[in-house]
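# Survey of secondary and tertiary structure
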Amino acid sequence: MKPPIFITGIGTGIGKTVASAIIAEALEADYWKPVQAGTEPITDSEWVRKQLTNLKSVVHPERYTLKLAASPHFAAQKENIAITVQNICASLPDYSCNLVIEGAGGLMVPLNDTEFIKDLILSLGCRVVLVSRNYIGSINHSLLTAAECKRNNIPVLGWFFIGYEPIYEQQIASWSKLPVIASVPLTEAPENSFVKLMAESLRDSLTHFLC
């Protein structure tokens, strides 16, 4: 059984859930989002479940489901819930081959007053895929994220880019010294046909880097 693949990104709303669905579909991997902050209109787990077409992937229930779409530590405080890395690790679901874990926001998103997403990654012993999308400031955010991974000895498998911007992608890969695993177009309303198409076209690359 391989260590889980943790999907984190350079920020919030940059495509982690889409990337997670594509990877899970391509590898027929299980999916788990341990901390869900925000439940409207649907949760990320519900969305991923709708996109997967293979018969092997299992979408596991969240450890924490919080109503407020905010930083997990803040959303949890509103509901008098205490999130801990220990509790999340104790809830790691059983999986047979590969498990894709989607984080909340980026590496430095707080889970409580002392623990962050990066602490969860390290405690779970995960391999990491970094998701990046091109916008003003995203090069800085991408390189800072990569540098923080290096500083904390977090094993990064490579970049998953949202949006075809070859020069941008090549520069970030070169400066961070991390490979490009995948690049998919930015789609405002991706559906399972898009997820399936991207999974099929990227299966060889994803298998090479992630398996």
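Everything discussed here concerns the structure shown above.
Turning our eyes to something else, we now look at the layout of surface pockets. Here the largest pocket is characterised by a volume of approximately 790 Å³. Surrounding the largest pocket, 35 residues form its lining, Thr12, Gly13, Thr17, Asp44 and Glu102 being those nearest its centre. Put simply, the parts of the chain that give the lining of the largest pocket at least two residues each are helix H1 (16-27), strand E3 (35-37), helix H2 (44-51) and strand E6 (99-106). The element contributing the most residues to the lining of the largest pocket is E6, with four residues. When its residues are assigned to classes, the lining of the largest pocket shows 18 nonpolar, 10 polar and seven charged. As for the second largest pocket, its lining consists of Leu143, Ala146, Ala147, Cys149, Lys150, Ile154, Val156, Trp175, Ser176, Lys177 and Leu178. Elements supplying a minimum of two residues to the lining of the second largest pocket: helix H6 (138-151) and helix H7 (166-176). Among the elements that take part in the lining of the second largest pocket, H6 stands out by supplying five residues, more than any other.

At a minimum axis separation of 10 Å, H1 and H2 run at an interaxial angle of 40°. With respect to H2, the axis of H1 lies oblique. Crossing hand, H1 versus H2: right-handed. Of the residues in H2, those touching H1 at Thr17, Val18 and Ala21 are Asp44, Trp47 and Val48. Its residues assigned to classes, the contact of H1 with H2 shows four nonpolar, one polar and one charged.

Below, the discussion takes up the packing of aromatic side chains. For the structure shown, the criterion picks out two aromatic pairs. With a centroid separation of 5.7 Å and 20° between ring planes, the pair formed by Trp159 and Phe161 is classed as stacked. Given a relative accessible area of 0%, Phe161 falls into the buried group. Ring centres of Phe161 and Tyr168 lie 5.7 Å apart, and the angle between their planes is 70°; this geometry places the pair in the edge-to-face category. Each member of the pair, Phe161 as well as Tyr168, is classed as buried. Linked through ring pairs, Trp159, Phe161 and Tyr168 together constitute an aromatic cluster. The cationic tip of Arg63 hangs over the ring face of Tyr64; the distance from NZ or CZ to the ring centre is 4.5 Å.

Below, the discussion takes up the sheet that holds strand E2 (residues 30-32). Across the sheet, seven strands lie side by side as E4-E2-E6-E1-E7-E8-E9; this open sheet has parallel pairing. Either end of the sheet is taken by a strand with one partner, and the two such strands are strand E4 (59-60) and strand E9 (180-184). On the sheet, H1 packs against strand E1 (5-9), E2, E6, strand E7 (127-133), strand E8 (156-162) and E9 and is oriented at approximately 175° with respect to E6.

Our focus in this paragraph is the pattern of salt bridges. Using the criterion set out here, one finds five salt bridges in the structure. Lys56 is the partner of Glu28 in a salt bridge, and the nearest nitrogen-oxygen pair spans 3.5 Å. Here Lys56 lies in the loop between H2 and E4 and Glu28 lies in the loop between H1 and E2, a separation of 28 residues in the sequence. Residue Glu28 is classed as partly exposed on the basis of its relative accessible area, which comes to 34%. Look at the salt bridges and you will find they share partners, linking Lys33, Asp44 and Glu102 into a network.

Moving on, we come to the pairing of E7. Across the seven residues that make up E7, a large majority, six, are buried. With five bridges joining them, E1 and E7 adopt parallel strand pairing. Residue pairing for E7: Ile5 is matched across the bridge by Arg127. Read as a crossover between parallel neighbours, the route from E7 over H6 to E8 is right-handed.

What counts, and where the lines are drawn
- Residues numbered from 1 in each chain as written.
- Predicted model: local features only at pLDDT ≥ 70, side-chain atom pairs only at ≥ 80, totals over all residues.
- Heavy atoms only, no water.
- 1 Å grid on protein atoms, 1.4 Å probe; cavity = no way out; pocket = protein on both sides within 12 Å on 5 of 7 lines; lining within 4 Å.
- Points joined across faces, edges and corners; volume = space filled by probe spheres on them.
- Helix = DSSP H or I, 4+ residues; strand = E, 2+ residues; numbered from the N terminus.
- Nonpolar A, V, L, I, M, F, W, Y, C, P; charged D, E, K, R; others polar.
- Axes fitted to C-alpha atoms, helices over the stretch in contact; angles between N-to-C directions.
- Parallel < 35°, antiparallel > 145°, perpendicular 65-115°, else oblique.
- Left-handed = near helix turned anticlockwise from the far one by under 90°.
- Contact = heavy atoms within 4.5 Å.
- Phe/Tyr/Trp six-rings, centres within 6.5 Å; stacked < 30°, edge-to-face > 60°.
- Buried < 20%, exposed > 50% of the residue type's maximum accessible area, 1.4 Å probe, protein only.
- Lys NZ or Arg CZ within 6 Å of the ring centre and 35° of its normal.
- Pairing = 2+ DSSP bridges.
- Salt bridge = Lys/Arg side-chain N within 4 Å of Asp/Glu carboxyl O.
- Right-handed = clockwise from strand over helix to strand, strands pointing away.

So far we have only geometry, and geometry alone does not tell us how the molecule works.
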